[in-house]
Structures are given as C-alpha cells and as structure tokens.
Amino acid sequence: MSAVTMPPDPAGIAAPAAEPERPTLKAIAAATGLTVVTVSSALRDAPDIGENTKRRVQETAELLGYLPNCVSERLRTGKTDVIALALSTKADVMNHTSRLICSIADGLRGTAYHMVVMPHFPDQDPMDPIRYMTEHGFPVTTHGRTDMCLDNPYFDFDNEAFSCLAIRTPSQRGRRRLMLVAPPRSHLYARHMTCGFSDKAALLCPPFELAERVTSDSAGDAIEEEVTRRLAEPDPPEGLVVGSTTAAMAVIAGAEPTGRVLGRDFDVVAKEVIPILRRFHRDILIVREDVGRAGDFLARALVATIEKRTLADRQGLEMPERVEWGPGPRKGGIP
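Think of each chain on its own: its residues are numbered from 1, step by step along the sequence as written. Since the coordinates come from a predicted model, pLDDT governs what is reported: local features require at least 70, and pairs of side-chain atoms require 80 or more to be given and counted, while whole-chain, interface and lining totals use all residues. Side-chain metrics rest on all non-hydrogen atoms present in the structure, leaving aside hydrogens and water.

Okay, empty space enclosed by the protein next. Every definition here rests on a 1 Å grid over the protein atoms only: cavities are sets of points where a 1.4 Å probe fits but cannot get out, pockets are open sets enclosed by protein on both sides within 12 Å along at least five of seven lines, and lining residues have some atom within 4 Å of a point. Grid points are joined across faces, edges and corners, and a volume is the space filled by probe spheres set on the points. Applying the stated criterion to the full structure yields one cavity of 30 Å³ or more. Taken together, Leu-43, Arg-44, Asp-45, Thr-111, Ala-112, Tyr-113, Val-303, Glu-307 and Arg-309 make up the lining of the largest cavity. The residue makeup of the lining of the largest cavity, split by class, is four nonpolar, one polar and four charged. Under this grouping Gly is polar, as are all residues other than the nonpolar Ala, Val, Leu, Ile, Met, Phe, Trp, Tyr, Cys and Pro and the charged Asp, Glu, Lys and Arg.

Right under this line is the structure:
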C-alpha cells in the first residue's frame with residue numbers, strides 16, 4: 001500500500017489554503033430559517049412560493065455567493081434547462097434579430113434557464129425546426145404566427161395593420177402612386193402585409209403595385225438597382241412602404257441617382273425596431289415595432305409552458321399606433 005502526500009517545502013513557503021466550501025441550499029435554509037425544499041422552490045421561481053419569500057431567499061443566496069450546481073441538478077431532474085432559439089443565418093442582425101436575442105435573454109434572467117442559438121440556413125425550410133420540435137413533444141413559442149394550425153403561445157406584430165397605417169400617410173400627402181416592398185411571399189407575415197396594403201389602397205383609390213423582383217430581405221444592392229430602374233420608368237411610385245430598416249435605406253439610396261429628394265418628391269414609410277433610420281435621413285416616415293416586448297413575452301410564455309403553469313395570455317399581438325414624422329416643422333406623428 002502506498003500513499004501520496006505533499007512533500008515539505010524546503011523554502012518554508014506555506015501550501016495554498018484550501019478553497020472555501022461552496023454555499024449550499026442548507027446554508028441558505030439555515031440563514032433564512034426556511035426548509036431546504038422551500039429554498040429550492042424559491043430559487044426556481046415556483047408559483048406556490050410567495051414573492052416576499054422568493055425575494056428573501058434570492059437576496060440571501062446572493063449575499064452568501066450561492067451558485068447552483070447545474071450538473072447535479074440536471075442529473076436529479078433529467079432537465080437541461082436549455083432553451084433553443086431557432087434563428088435564420090440570414091436574419092437582420094443590425095435591427096430585428098439583435099433586439100430579439102437581447103430581450104429573450106433579459107426575459108430569462110433570474111430563472112434557471114439559459115439560451116442557445118440553433119441556426120437554420122437559407123436552403124432550409126424555416127419551419128423545419130418548429131415541425132421537429134412539435135413532432136417530438138417540445139414546448140414551442142413562436143415570434144409570429146404560422147399556418148401550421150398550431151395552438152402554441154406566440155407573439156406577433158400586426159403587419160396587416162402596419163401596411164394599412166403606413167399607406168394612409170403618403171396618400172394624405174398627395175402621392176399619386178404607391179409601392180410595397182414586402183417580405184418574401186412564402187412568409188405568412190408577408191401575406192398579412194400585402195393584404196393590408198392592397199385592401200387599404202383600394203379604399204383610398206391611388207394606383208398601387210408590389211415590388212416583383214425584390215423583397216425586403218433582398219440584398220441592398222439588388223434593392224437599390226430595382227428602385228433606380230423603376231423610378232426611371234413611366235408613372236413611377238411616389239410613396240413606398242417598406243418591410244424592414246435595411247431595405248428602407250436601400251430604397252432611399254436607389255432613389256438618389258434619379259435626382260429625387262425624399263420628403264419633397266417621394267415618401268418612404270418603414271418599420272423599425274432599433275432607432276436608426278432617423279439618423280440616416282430625417283424625412284423617413286417610421287412605424288415602430290417593440291421587439292423587446294415580444295422577446296419578454298416569449299421567454300415568460302415558454303418558461304410557463306415548460307413548467308406547466310397557466311398563462312394569463314398565451315398569445316399576444318402588437319398593434320402599431322402611428323406613423324412618426326421627422327424633426328423640424330413636421331415633428332410629431334400621425335395616428
């Protein structure tokens with residue numbers, strides 16, 4: 001039999017002290033006077049624990065420097081506490097996607113769950129991850145509605161209401177022809193946006209058209225070229241409704257070579273998530289989408305679904321309220 005020991009230090013230097021013992025649930029229970037079961041439930045934000053108790057447990061855990069042992073917890077419960085965000089690699093990182101990721105992460109803050117991104121690629125059907133997860137019994141929430149007849153929690157922006165609202169402003173300003181640069185038509189929200197645009201234009205009576213060669217997801221160069229080409233033809237559009245921030249920038253860049261001035265000769269109404277467009281050009285007309293609200297809703301809805309808690313609202317729909325004008329004499333908004 002042999003043993004391994006630490007040899008004496010000839011220089012007389014003390015061996016490093018042992019690391020302090022990690023605080024445990026028992027330590028928090030002792031400090032708060034609660035049971036270990038109550039402490040564990042409070043840290044998991046269980047619905048049967050009062051808010052005052054949760055706050056006391058969380059404050060004590062933070063004071064003691066408690067960190068949950070994720071490995072043992074996963075072995076005990078069989079749960080990974082991982083939430084996957086299925087996201088296209090072509091997503092608009094400058095605007096929509098970055099805000100959604102941040103807001104979902106904020107919504108998960110303070111819970112036992114953390115998020116990973118599960119990319120899908122342009123040659124894949126974007127609904128494949130949703131089909132896979134629903135077929136295998138995973139709880140699913142979606143940003144936007146689907147035509148799969150799923151009764152899942154979702155949060156959506158009313159794109160039909162957006163285009164109805166957006167088309168009214170250039171019409172009131174006397175623009176004689178209107179054009180929509182919509183998302184790809186395979187997406188359900190593109191159909192909502194197109195229906196709202198065409199229905200409202202038919203009521204207001206100006207001629208209207210849909211961009212045929214590009215979408216709001218097209219590359220900026222392609223949108224610029226298409227807008228330049230279309231504005232050089234007879235009877236060009238004077239009001240353009242655009243489904244994304246980056247596409248709106250490309251539309252304006254494509255109009256500039258024709259000598260037209262935004263706000264004087266034509267209008268652009270665009271949907272925006274992060275305040276960028278006003279810095280790009282003061283005369284863009286803006287309808288805001290609150291993706292932060294969407295991400296928070298989706299995070300809370302998914303956690304509640306996983307934990308089999310009742311949701312007060314399983315599905316949410318943001319209604320756009322107004323078109324915002326630029327600074328200066330036209331500052332304000334049109335409801």
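Read on, since the account is not over.
Moving on to the nonpolar core. Buried residues of nine kinds, namely Ala, Val, Leu, Ile, Met, Phe, Trp, Tyr and Cys, make up a nonpolar core once their side-chain atoms join them within 4.5 Å. Each residue's exposure class comes from its accessible area (1.4 Å probe, protein chains only) as a fraction of the maximum for that residue type: buried when under 20%, exposed when over 50%, partly exposed otherwise. Ile-223, Leu-240, Val-242, Val-251, Val-268 and Leu-277 are the most contacted members of the largest nonpolar core, which totals 24 residues. The secondary structure listing takes helices from DSSP runs of H or I that are at least 4 residues long and strands from runs of E that are at least 2 residues long, numbered from the N terminus. Of all the elements in the fold, those that place two or more residues in this core are strand S5 (178–181), helix H9 (220–231), strand S7 (239–242), helix H10 (245–255) and strand S8 (267–272). Here this core takes seven residues from H10, the largest share from any one element. Contacts were defined at the residue level, with two residues in contact if any of their heavy atoms lie within 4.5 Å. The residues touching Ile-223, leaving out its near neighbours within four places in the chain, are Val-214, Thr-215, Ser-218, Ala-247, Ala-250 and Val-251. In terms of nonpolar packing, the next biggest core, distinct from the first, is built from 17 residues, Leu-165, Ala-182, Phe-197 and Trp-325 among them.

Attention now moves to the sheet that holds strand S10 (residues 315–318). Reading across from one edge, S3-S4-S10 is the order of the three strands in this open sheet, with parallel pairing throughout. Of all strands in the sheet, those with a lone pairing partner are strand S3 (142–143) and S10, marking the two edges. Across four bridges, the pairing between strand S4 (residues 154–157) and S10 is parallel. Directly across from Phe-157, in S10, lies its bridge partner Glu-318. In this analysis, axes come from line fits to C-alpha atoms, helices being fitted only over the stretch in contact, and the angle between any two N-to-C directions falls in the range 0 to 180 degrees. Its contacts with the sheet place helix H12 (residues 291–306) against S3, S4 and S10, and it is angled at close to 170° to S4. Each pair of strands is called paired provided DSSP finds at least two bridges between the two strands.

Within helix H6 (residues 128–135), burial applies to Pro-129, Ile-130 and Met-133. Buried residues along H6 cover an arc of 100° about the axis, so they all sit on one side. Against strand S1 (82–88), strand S2 (114–120) and S3 lie the buried residues of H6. Phi for Gly-137, located one or two positions after H6, is positive at around 80°. Picture the helix axis, draw a direction to every C-beta atom, and the arc is the one those directions span.

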